[in-house]
Amino acid sequence: MQLPIELPGLLNYWMVIILMMSGFFVVISHGNLIKKIVGLNVFQVSVFVFYITMSKVDGGAAPILDDAIQNYSNPLPHVLILTAIVVGVATTALGLALVVRIRDAYSTIEDDEILEQERDNA
Amino acid sequence: MLSGLSSHLPVILVVLPLIAAPICVIFRSASLAWLIALIASWLCLGISIFLLEQVISNGPISYLLGNWPAPWGIEYKVDVLSAFVMLIVTSIGAIVMVFAPKSVQIEIPSDRTYLFYTMYLLTFAGLLGITITADAFNLFVFLEISSLSSYVLISLGAQRNALTAALRYLILGTVGATFYIIGVGLMYQMTGTLNISDLAERMPDVASTKTILIAVGFITVGIGLKLGLFPLHVWLPNAYAYAPSVVTAFLAATATKVAVYALLRVYFSIFGINLFSALPIAEVLLILGLIAIISMSTVAIYQNNAKRLLAYSSVAQVGYMVIGIGMLTITGLTATILHLFNHAVIKGALFLALAAVFYRIKSVKVEDMAGLGKAMPYTMAAFVAAGFSLIGVPSTVGFISKWYLILGALDKDWWLVAILIVVSSLLAVIYFWKVIEYAYFKNRPDGATEIRDVPLSMLIPIWVMVGSNFYFGLNTNFTISAAMKAATSLIGDAP
């Protein structure tokens, strides 16, 4: 498939950096715990995109053992990222489960309100 | 060399706890789960002792998973350093498991106890995996196995603060792990390999490129978050303070040590000593370490919760290890590797003693420990003995590692560093004295219930741990020669 316009070579890497920084910013700046976890996800996804981008070879096909295919993309980073996606899903699931328990215990999921309650009890 | 079943021991070491974990879930019985965890831990201890002996007499062991040749398949590699760290993890695990059942009984709801042992086994498998793997990406996978299960372990704490402590650790830990894979990705981009020895071979050609230097930065910060390197330690005090006592004892003695091991691997086995002339990492580590040992010891003085106090002291102790790395000499690295072992037995003993205190008085606040010296003489005596080791009194392990650290500093004519190390030990005397003062020079409050010392099944593991503080403090041949060998293999012949 041919794209109608040619993408500039480093576009993907710029996307990686934008995703990474916006995800990281959300993790740091937002007090809502769900938003923090969403930010964490965006941050991780940027790394997935980074790995997939670096393995793509210009004009490369899927790595299938066939005489017709001479030029193929590197499959290894794709496999690595499958593992990293599984880790990411596990992290998100655990994080959300913790947020549910935190809401039960503090009846809020805002970081500053939780801190206030903890300070009052200390 | 190795034949038959014994040739598969490197992989069995990781697979055994990994398989034992789901078996615990199948049976759903607390006592059976404990038995499985106990047996798995002791078997792993046996395996790691055997592997250490093999490695010391016959040199490194390499194991190919599924028999795929090394740079393509995943390789497990056991050398003196990894076998030494394996021994730390498995021996602490084995002793903590003997101690665990009574303490777990009162701190974790009985319907969740089997899950506690499952998570313990997964953490254990993950930590062992980090030490044994020779593949940079595999290391990330094991890092996350151990971290994810330790977040769960921490969240099992009885107070609600345990939940927030676990979530904060989860967020920072995930950021750390993600930083690590960014670094690995950048290295892969430049070298096209993930195998550690293969990476080391191809690294010199690309070592001075910006990509690699950025990779070093990402990996340093990533692993720094995991090991509680000052100022990336903010998750650590709460996580240690609110986790169930047994979990604190296990994690404090092993998790940060394994992270230091990972840092050593990346710095010296992948990048090699030349890295430090390209980037001022050694200087940064040295300064952060010095700030950590002074400031964190000072913060520890003002803590009311004894577990939190020891948690801050742990951050300070990580500072010592990092200073050793920053010296870039064999003596400095020997001190770091020695301190991995020594700090594990010190903090293991202290946190187990606190777990025993909690078992009796349901609190680890320093004020609540008033009069315990009389009420629980054996437990508190163990606590004090381990405390001497933490401070670095001669004849204890704490003294040995500080001795080597100061020797390393004097070798380089760093008088200020040596003085700061001594000052930080004096600060340790102050924060430790606080606990002793309450336990021995104050009386139990009027009307407090009569308490007895804890049962033998708790006292014996505590005293085994305390005993090893003194045994390895007096009989230093084994630890020092192993640490020296490991340090020499990391630095090679460089000065």
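Keep in mind that this is a model prediction, so the values were computed, not measured. (Residues numbered from 1 in each chain as written. Chains lettered and ligands numbered in written order. Predicted model: local features only at pLDDT ≥ 70, side-chain atom pairs only at ≥ 80, totals over all residues. Heavy atoms only, no water.)

(A) Representation of a nonpolar patch on the surface in the model. Residues and elements named next belong to chain B. Together, Val15, Ile19, Ile23, Ile26, Phe27, Leu32, Leu35, Ile39 and Leu43 make up a nonpolar patch on the protein surface, roughly 780 Å² of accessible area in all. Mapped onto the nonpolar patch, the elements with two or more residues apiece are α1 (9-27) and α2 (30-58). Here the nonpolar patch gets five residues from one element, more than from any other, and that element is α1. Relative to the elements of secondary structure, Ile23 occurs in helix α1. (Patch = residues over 30% accessible without salt bridge, like charges linked within 9 Å, V, L, I, M, F, W, Y side chains within 5 Å. Areas by Shrake-Rupley, 256 points an atom, 1.4 Å probe, with all protein chains shown as cover. Salt bridge = Lys/Arg side-chain N within 4 Å of Asp/Glu carboxyl O. Helix = DSSP H or I, 4+ residues; strand = E, 2+ residues; numbered from the N terminus.)

(B) Inspection of the nonpolar core at higher detail. With 233 residues, the main nonpolar core has Tyr51(A), Met187(B), Tyr267(B) and Phe268(B) as its most contacted residues. For this core, the element with the highest residue contribution is helix α14 (residues 330-361) of chain B, accounting for 20 residues. Both domains that meet at this core, namely domain 1 (1-166 + 229-265) and domain 2 (280-495) of chain B, each give it at least three residues. In this structure, Tyr267(B) is in contact with Val216(B), Thr220(B), Gly272(B), Leu275(B), Phe276(B), Ile281(B), Leu285(B) and Ile325(B), ignoring residues within four places of it in sequence. (Core = buried A, V, L, I, M, F, W, Y, C linked by side-chain atoms within 4.5 Å. Buried < 20%, exposed > 50% of the residue type's maximum accessible area, 1.4 Å probe, protein only. Domains from an automatic or database assignment. Contact = heavy atoms within 4.5 Å.)

(C) Spotlight on the interface of chain A and chain B. Tallying the contact residues gives 37 residues for chain A and 30 residues for chain B. In total, about 3000 Å² of surface goes out of reach between chain A and chain B, with carbon and sulfur atoms giving 76% of it. In terms of surface lost to chain B, no three residues of chain A exceed Leu94(A), Leu98(A) and Arg101(A), which account for 16% of the buried area on that side. Applying the counting rule to chain A against chain B returns two salt bridges. The closest approach of N and O atoms between Arg168(B) and Glu118(A), which form a salt bridge, is 3.9 Å. There are nine residue pairs in polar contact (both at pLDDT 80 or more) connecting chain A and chain B. Breaking the side of chain A that touches chain B down by element, the ones donating at least two residues are α1 (11-29), α2 (33-55), α3 (76-106) and α4 (111-121) of chain A. It is α3(A) that provides the largest number of residues to the side of chain A that touches chain B, a total of 16 residues. Class assignment of the residues belonging to the side of chain A that touches chain B gives a composition of 26 nonpolar, seven polar and four charged. (Buried area = accessible area lost by both parts, 1.4 Å probe. Polar contact = N/O pair within 3.5 Å; in protein donor to acceptor, adjacent residues only side chain to side chain. Nonpolar A, V, L, I, M, F, W, Y, C, P; charged D, E, K, R; others polar.)

(D) Region of interest: the packing of aromatic side chains. Taken as a whole and assessed by the stated rule, the structure comprises 25 aromatic pairs over all chains. Each ring, one from Tyr169(B) and one from Trp235(B), has its centre 4.0 Å from the other, and the planes form 5 degrees; the classification is stacked. Here Tyr169(B), found in helix α6 (residues 161-191), pairs with Trp235(B), found in the loop between α8 (210-227) and α9 (236-242); they are 66 residues apart in sequence, far enough to count as distant. As far as the burial class goes, Tyr169(B) and Trp235(B) line up, both buried. Arranged with centres 5.1 Å apart and planes meeting at 85 degrees, the rings of Tyr471(B) and Phe472(B) form a pair that is edge-to-face. Using a relative accessible area of 17% as the deciding quantity, one classes Phe472(B) as buried. Every member of this aromatic cluster is reached through a ring pair, and the members are Tyr13(A), Phe50(A), Tyr51(A), Phe137(B) and Phe140(B). (Phe/Tyr/Trp six-rings, centres within 6.5 Å; stacked < 30°, edge-to-face > 60°.)

(E) Molecular detail of the state of the cysteines. Residue and element names in this part refer to chain B. Here the structure, examined in full by the defined rule, presents zero disulfides over all chains. Of all cysteine sulfurs in the structure, the one in Cys44 sits closest to Cys24, which takes part in no disulfide; the separation is 13 Å. Classification of Cys24 as buried rests on a relative accessible area of 0%. (Disulfide = S-S within 2.5 Å.)

This is a description of form; function is not addressed.
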